[in-house]
Amino acid sequence: MYDLKKDRLTVIGKAMAKYGSKDDAIFEMNAAIASLKADVAGKDTLLELARNNVDRVVNQLKSIEI
């Protein structure tokens, strides 16, 4: 069974070892989270643009009479 508490402690331990202190580790983790959120927001925007383009093409195809 997955142990979330153990996993969290492992991540915190590795981050503290890498960055030297708890505060630095928290700062770096928050920066990484902010970066991931920005990446997701950018991809959501691109996905919405793609959906709009597909909808536009579908509507144009529907309007063509054969």
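Our structure is the block above this text.
Residues numbered from 1 in each chain as written. Predicted model: local features only at pLDDT ≥ 70, side-chain atom pairs only at ≥ 80, totals over all residues. Heavy atoms only, no water.

Engineer: For this particular structure, what's the right way to read the environment of Ala 50?
Structural biologist: Among the secondary structure elements, Ala 50 is positioned in helix 2 (residues 22-63). The exposure class of Ala 50 is partly exposed, given its relative accessible area of 37%. Ala 50 sits 27 residues away from Asp 23 along the chain, and the two C-alpha atoms are 41 Å apart. (Helix = DSSP H or I, 4+ residues; strand = E, 2+ residues; numbered from the N terminus. Buried < 20%, exposed > 50% of the residue type's maximum accessible area, 1.4 Å probe, protein only.)

Engineer: I would appreciate a short explanation of helix 1 (residues 4-19) in the present structure.
Structural biologist: For helix 1, spanning 16 residues, the distance from its first C-alpha to its last is 22 Å, which sits close to the expected 22 Å at 1.5 Å a residue. Looking at where helix 1 begins, the residue whose side-chain oxygen comes 3.3 Å from the main-chain nitrogen of Lys 5 is Asp 3. After helix 1 finishes, the residue Gly 20 shows a positive phi value of roughly 95°. (Expected span 1.5 Å × (residues − 1). Polar contact = N/O pair within 3.5 Å; in protein donor to acceptor, adjacent residues only side chain to side chain.)

Engineer: How do you make sense of a nonpolar patch on the surface when you look at a structure like this?
Structural biologist: Taken together, the side chains of Val 57, Leu 61 and Ile 64 define a hydrophobic patch exposed on the protein surface, amounting to about 290 Å² of accessible area. With respect to the element layout, Ile 64 can be found in the segment after helix 2. Since its relative accessible area comes to 51%, Ile 64 is described here as exposed. (Patch = residues over 30% accessible without salt bridge, like charges linked within 9 Å, V, L, I, M, F, W, Y side chains within 5 Å. Areas by Shrake-Rupley, 256 points an atom, 1.4 Å probe, with all protein chains shown as cover. Salt bridge = Lys/Arg side-chain N within 4 Å of Asp/Glu carboxyl O.)

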